[in-house]
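Summary of the model geometry
As a plain string of letters, each chain reads:
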Amino acid sequence: AMPEGPCVTMAALSIRQPFASLILYGVKQLEARTRPTLKQVQGPLAVHVSHKEEPYDSHLVSMAIAILRRRYPDEAISQLFQP
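Note on numbering: residues in each chain are counted from 1, in written sequence order. Restriction of local features to residues with pLDDT of at least 70 applies here, the model being predicted, together with a cutoff of 80 or more for giving and counting side-chain atom pairs; totals for whole chains, interfaces and linings are based on all residues. By convention in this description, side-chain values take in all heavy atoms of the structure and omit both hydrogens and water.

So, the side chain of S50
Segments assigned H or I by DSSP are reported as helices when at least four residues long, segments assigned E as strands when at least two residues long, and all are numbered from the N terminus. In this fold, S50 is placed in the loop between strand 2 (45-49) and helix 3 (59-68). Of note is the side chain of S50, whose polar atom sits 3.2 Å from the backbone nitrogen of K52. Excluding its chain neighbours within four sequence positions, the residues that come into contact with S50 are S14, I15 and R16. Pairs of N or O atoms are called polar contacts if they sit within 3.5 Å, as long as, within protein, a hydrogen donor faces a hydrogen acceptor (for residues adjacent in sequence, only side-chain-to-side-chain pairs). Whether two residues are in contact is decided by their heavy atoms: any pair within 4.5 Å suffices.

What about the layout of surface pockets?
Reported here for the largest pocket is a volume of approximately 490 Å³. The rule is simple: put a 1 Å grid over the protein atoms alone, call a set of points where a 1.4 Å probe fits but cannot get out a cavity, call an open set with protein on both sides within 12 Å along at least five of seven lines a pocket, and count a residue as lining if it has an atom within 4 Å of a point. What lines the largest pocket is a set of 18 residues, among which F19, L22, K28, A64 and I67 lie closest to the centre. Secondary structure elements with two or more residues in the lining of the largest pocket: helix 1 (19-24) and helix 3. With 5 residues, helix 3 is the largest single contributor of residues to the lining of the largest pocket. Grouping the constituent residues of the lining of the largest pocket by class yields 10 nonpolar, 1 polar and 7 charged. Grid points are joined across faces, edges and corners, and a volume is the space filled by probe spheres set on the points. Polar here means any residue outside two lists: the nonpolar Ala, Val, Leu, Ile, Met, Phe, Trp, Tyr, Cys and Pro, and the charged Asp, Glu, Lys and Arg; Gly therefore counts as polar.

Topic: the pattern of salt bridges
By convention in these notes, a salt bridge is any Lys or Arg side-chain nitrogen within 4 Å of a carboxyl oxygen on Asp or Glu. Across all of its chains, the model carries 2 salt bridges by this definition. When the shortest N-O distance is used, the salt bridge between E54 and R16 registers 2.9 Å. With E54 in the loop between strand 2 and helix 3 and R16 in the loop between strand 1 (11-15) and helix 1, the pair connects residues that are 38 residues apart, well separated along the chain. Where R69 meets D74, a salt bridge forms, and the shortest distance between an N and an O atom there is 2.8 Å.

Quick word on the nonpolar core
In this structure, L13, I15, F19, A20, L22, V27, V61, A64, I65, L68 and I77 together form the largest nonpolar core, which totals 11 residues. When residues of this core are traced back to their parent elements, those giving at least two are strand 1, helix 1 and helix 3. Considering each element in turn, this core owes the most residues, 4 residues, to helix 3. Setting aside its immediate chain neighbours within four residues, V27 contacts L22, L68, Y72 and L80. For this analysis, a nonpolar core means a set of buried residues of the types Ala, Val, Leu, Ile, Met, Phe, Trp, Tyr and Cys, connected via side-chain atoms within 4.5 Å. To sort residues, take the accessible area from a 1.4 Å probe on protein chains only and compare it with the maximum for the residue type: under 20% means buried, over 50% means exposed, and anything in between is partly exposed.

Read these as layout, nothing more, since geometry by itself doesn't imply function.
Structure, rendered in structure tokens:
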């Protein structure tokens, strides 16, 4: 059932922390997913911050930090990734 009152339909992407914050800060600008529906999205995209966080010691977070070190000093990175 449709909700009463005005509503907006918008594409959304669910992302775990800390990656959602990196997107909102403008640090992470690319998302590499193979879902064909993302290729068709034009215009605004909502970012849903997943309730589940990526563990700080995970391989994905380690890779993200390694990539960020190419552009940012460790002090700036440590402010984004606080275990």
